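Summary of structural features
In case you want the letters, here they are:
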Amino acid sequence: MVQETIFSKIIRKEIPADIVYQDELVTAFRDISPQAKTHILIIPNKLIPTVNDVQPEDEAMLGRIFSVAAKIAAQEGIAEDGYRLIMNCNKHGGQEVFHIHMHLLGGEPLGKMLDK
Ligand code: 5GP
């Protein structure tokens, strides 16, 4: 059975979060423990636990995640300098919340390599 996470409650506004964007497919909010000056999570409104669970019918939503990332980067004023988009999957990817999410990180130089 697919288990809801805290992100479902954020989508439904049952718990507080700094939501910067929401539409019928995705929600974006500031990470509670930012790893960069700008750290925003973009998530599907539909619960998909990991990237391994993505289905062909999810492709429109995945495209939306990217277009919303670009829109938010522009809103945040970090588009031109650049930013990093990350989706972690399962244990080796370091995934902690099992509701897929794109990390949008920026606002400062992030270095060349990801942490291992
Ligand atoms: P993961 O490690 O699964 O890729 O990333 C999960 C992210 O969710 C982490 O960066 C963590 O700080 C963030 N996070 C976890 N719980 C909450 C919460 O309740 N509110 C917000 N805004 N972010 C959260």
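Data block above holds the structure.
Residues numbered from 1 in each chain as written. Predicted model: local features only at pLDDT ≥ 70, side-chain atom pairs only at ≥ 80, totals over all residues. Heavy atoms only, no water.

What about the nonpolar core?
Formed by 16 residues in total, the largest nonpolar core has its most connected members in V26, I42 and I72. Counting only elements with at least two residues in this core, the list comes to strand 2 (26-30), strand 3 (38-44), helix 2 (59-76) and strand 5 (102-106). Looking at this core element by element, the count peaks at 6 residues for helix 2. When near neighbours in sequence (up to four residues on either side) are disregarded, I42 contacts V26, T27, A28, I65, V68, A69, I72, I100, H101, M102 and L104. (Core = buried A, V, L, I, M, F, W, Y, C linked by side-chain atoms within 4.5 Å. Buried < 20%, exposed > 50% of the residue type's maximum accessible area, 1.4 Å probe, protein only. Helix = DSSP H or I, 4+ residues; strand = E, 2+ residues; numbered from the N terminus. Contact = heavy atoms within 4.5 Å.)

As for the pairing of strand 2
Counting buried residues in strand 2 gives 4 out of 5 residues, a clear majority hidden from the surface. With 3 bridges connecting them, strand 1 (residues 19-22) and strand 2 associate as antiparallel partners. Counted as the bridge partner of Q22 is T27 from strand 2. Joining the antiparallel neighbours strand 1 and strand 2 is a turn of 3 residues. The sheet contact formed by strand 2 and strand 3 spans 5 bridges and is antiparallel. If you follow V26 over to strand 3, its bridge partner there is P44. (Pairing = 2+ DSSP bridges.)

Digging into helix 2
Helix length check: helix 2, at 18 residues, gives a terminal C-alpha distance of 26 Å against a target of 26 Å (1.5 Å per residue), a fit within 8%. If you check which residues of helix 2 are buried, you get M61, I65, V68, A69, I72 and A73. Taken down its axis, helix 2 places every buried residue within 140° of arc, on the same side. With respect to the buried face of helix 2, the exposed residues turned more than 90 degrees away are E59 and A60. Contact partners of the buried residues in helix 2: strand 1, strand 2, strand 3, strand 4 (83-86) and strand 5. Two residues or fewer past helix 2, G77 is found with a positive phi of approximately 75°. (Expected span 1.5 Å × (residues − 1). Arc of directions from axis to C-beta.)

Some remarks on the packing of aromatic side chains
Aromatic rings in a pair are described by how distant their centres are and how their planes are angled relative to each other. Tallying each qualifying case throughout the model produces 1 aromatic pair. Geometrically, the ring pair formed by F7 and F29 is edge-to-face, given 5.3 Å between the ring centres and 75° between the ring planes. Residue F7 is located in helix 1 (residues 6-11), and its partner F29 is located in strand 2; the two are separated by 22 residues in the primary sequence. For the residue pair F7 and F29, the accessibility class agrees, reading buried in each case. (Phe/Tyr/Trp six-rings, centres within 6.5 Å; stacked < 30°, edge-to-face > 60°.)

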